[in-house]
Amino acid sequence: SGGVITDLPFRVLANGTYTVTGTDSHGCSNSSSVSITVKSLPAVSAMASKDSVCQGLKLTLAGNGTALSYSWSNGATNAVPFVPAGTQTYTVTGTASNNCTSTSTTKVVVDPSPPVTANPKTSAICAGSSVTLSGGGALTYSWSGGKINEVAFVPSASGSYTVTGTDSYGC
């Protein structure tokens, strides 16, 4: 019934009863019916705590919607922070109480850390002389000991200084 052809798949859009009538070579016929119930799909959306993250930092993926449970591709666990290996698309599958599933995707961009270098103008100076520390490979620099990038100072003793560089992405 309803224009359905035997052995051809069709999309069931609503609950209903489908009846088939068969006729043999003698002209005898008989009918049989089946009721089909259409289960609703859960609404599912993929949510990321950030659309982009600096390399080595954590983010959280969470499924949102009407599903009871959510599972993620690429090794992510729903609502558990993790460090993504690189830029990729993650797919969440939400499963409803009727066992129907829906999916949604989100792309996470992993920005690389800048290749920061510490460049003193000289690494050995005479007592009382000044030295200038200069960072390279990033946009802004922060030196240990409160030293300022490209500003000369007179060290009170031998020591090491560490620079942290930040790029335009905030990495």
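Heads up: the structure comes first, above all this text.
Scoring rules and cut-offs
- Residues numbered from 1 in each chain as written.
- Predicted model: local features only at pLDDT ≥ 70, side-chain atom pairs only at ≥ 80, totals over all residues.
- Heavy atoms only, no water.
- Helix = DSSP H or I, 4+ residues; strand = E, 2+ residues; numbered from the N terminus.
- Rg over C-alpha atoms; globule rule 2.2 N^0.38 Å.
- Buried < 20%, exposed > 50% of the residue type's maximum accessible area, 1.4 Å probe, protein only.
- Contact = heavy atoms within 4.5 Å.
- Areas by Shrake-Rupley, 256 points an atom, 1.4 Å probe, with all protein chains shown as cover.
- Lys, Arg positive; Asp, Glu negative; His and termini not counted.
- Charge placed at Lys NZ, Arg CZ, Asp CG, Glu CD.
- Disulfide = S-S within 2.5 Å.
- Polar contact = N/O pair within 3.5 Å; in protein donor to acceptor, adjacent residues only side chain to side chain.
- Pairing = 2+ DSSP bridges.
- Axes fitted to C-alpha atoms, helices over the stretch in contact; angles between N-to-C directions.
- Phe/Tyr/Trp six-rings, centres within 6.5 Å; stacked < 30°, edge-to-face > 60°.
- Core = buried A, V, L, I, M, F, W, Y, C linked by side-chain atoms within 4.5 Å.

*Asks:* Just checking my understanding: could you explain the overall build of the protein chain for this structure?
*Replies:* For the protein chain, the count of helices and strands is 0 helices and 12 strands. The order of α-helices and β-strands along the protein chain, N terminus first, is β-β-β-β-β-β-β-β-β-β-β-β. Its C-alpha atoms give the protein chain a radius of gyration of 32 Å, clearly above 16 Å, the size a compact globule of 171 residues would have. C-alpha extents for the protein chain along the principal axes are approximately 115 × 30 × 20 Å. Burial analysis of the protein chain (171 residues in total) assigns 24% to the buried set. Relative to all contacts within the protein chain whose residues are 6 or more apart in sequence, the contacts with residues 24 or more apart total 39%. With an accessible surface of roughly 11,000 Å², the protein chain has 52% of that area assigned to carbon and sulfur atoms. In the protein chain, 7 side chains carry a positive charge and 6 a negative one; their mean positions are 14 Å apart.

*Asks:* Just to check I follow, could you spell out unusual backbone geometry for this structure?
*Replies:* As a rule of thumb, non-glycine residues mostly have phi less than zero, and peptide bonds are mostly trans rather than cis. Even without a glycine there, the phi angle at asparagine 74 is positive, about 60°. With respect to the helices, strands and loops of the structure, asparagine 74 is situated in the loop between β6 (69-72) and β7 (88-95). For asparagine 74, a relative accessible area of 43% corresponds to the partly exposed category. Positive phi, close to 65°, is recorded for glutamate 150, a residue that is not glycine. Looking at the element boundaries, glutamate 150 is found in the loop between β11 (140-143) and β12 (163-166).

*Asks:* Would you take a moment to explain the state of the cysteines for this structure?
*Replies:* Every disulfide links exactly two cysteines, by a covalent bond between their sulfur atoms. Within the structure shown, the criterion is met by 1 disulfide. The residue that forms a disulfide with cysteine 54 is cysteine 171, at a sulfur-sulfur distance of 2.1 Å. Here the S-S torsion is close to -95°, and the disulfide linking cysteine 54 with cysteine 171 is therefore left-handed. Here cysteine 54, found in strand β4 (residues 52-54), pairs with cysteine 171, found in the segment after β12; they are 117 residues apart in sequence, far enough to count as distant.

*Asks:* So what exactly am I meant to see when it comes to the side chain of asparagine 149 here?
*Replies:* Residue position: asparagine 149 is located in the loop between β11 and β12. A polar contact is formed between the side chain of asparagine 149 and the backbone nitrogen of glycine 135, at a distance of 2.7 Å. Contacts of asparagine 149, omitting those with residues within four sequence positions, involve Leu133, Ser134, Gly135, Tyr141 and Trp143.

*Asks:* Looking at this structure, how should I read the sheet that holds β7?
*Replies:* Whenever strands of a sheet pair, they do so through backbone hydrogen bonds, lying parallel or antiparallel. Taken together, 4 strands build an open sheet; the order of strands is β4-β8-β7-β6 and the sheet is mixed. Each edge of the open sheet carries a strand with a single partner, namely β4 and β6. Sheet twist, expressed as the average angle between the axes of neighbouring strands with direction ignored, equals 30°. Pairing of β4 with strand β8 (residues 101-111), which is carried by 3 bridges, proceeds in the parallel orientation. Within the sheet, the bridge partner assigned to serine 52 lies in β8 and is valine 109.

*Asks:* Would you explain the packing of aromatic side chains in this entry?
*Replies:* Here a ring pair, both rings aromatic, is described through the centre-centre distance and the interplanar angle of the planes. With the rule as written, the count across this model stands at 2 aromatic pairs. Between phenylalanine 82 and tyrosine 90, the aromatic rings sit 5.8 Å apart at their centres with planes inclined by 70°, giving edge-to-face as the arrangement. Ring geometry for phenylalanine 153 and tyrosine 161: centres 5.5 Å apart, planes at 75°, overall edge-to-face. Residue phenylalanine 153 is classed as buried on the basis of its relative accessible area of 12%. Accessibility expressed as a relative area gives 28% for tyrosine 161, which makes it partly exposed.

*Asks:* Quick question: what am I supposed to make of the environment of glycine 137 here?
*Replies:* Residue position: glycine 137 is located in the loop between β10 (133-136) and β11. Each C-alpha atom of the pair glycine 137 and proline 115 lies 5.2 Å from the other, and the pair is 22 residues apart in sequence. With residues up to four places along the chain from it excluded, the contact list for glycine 137 reads Pro114 and Pro115.

*Asks:* Would you explain the nonpolar core in this entry?
*Replies:* A general feature of soluble globular proteins is that nonpolar side chains tend to end up buried together. Judged by nonpolar contacts, the single largest core of 14 residues is most densely connected at Leu61, Trp72 and Tyr90. Secondary structure elements with two or more residues in this core: β3 (44-48), β6, β7 and β8. Once residues within four sequence positions are removed from consideration, leucine 61 is found in contact with Met47, Ala48, Trp72, Ala76, Thr77, Asn78, Ala79, Val80, Phe82, Tyr90, Thr106 and Val108. Membership of the second largest hydrophobic core comes to 5 residues, among which are Val131, Leu133, Phe153 and Val163.

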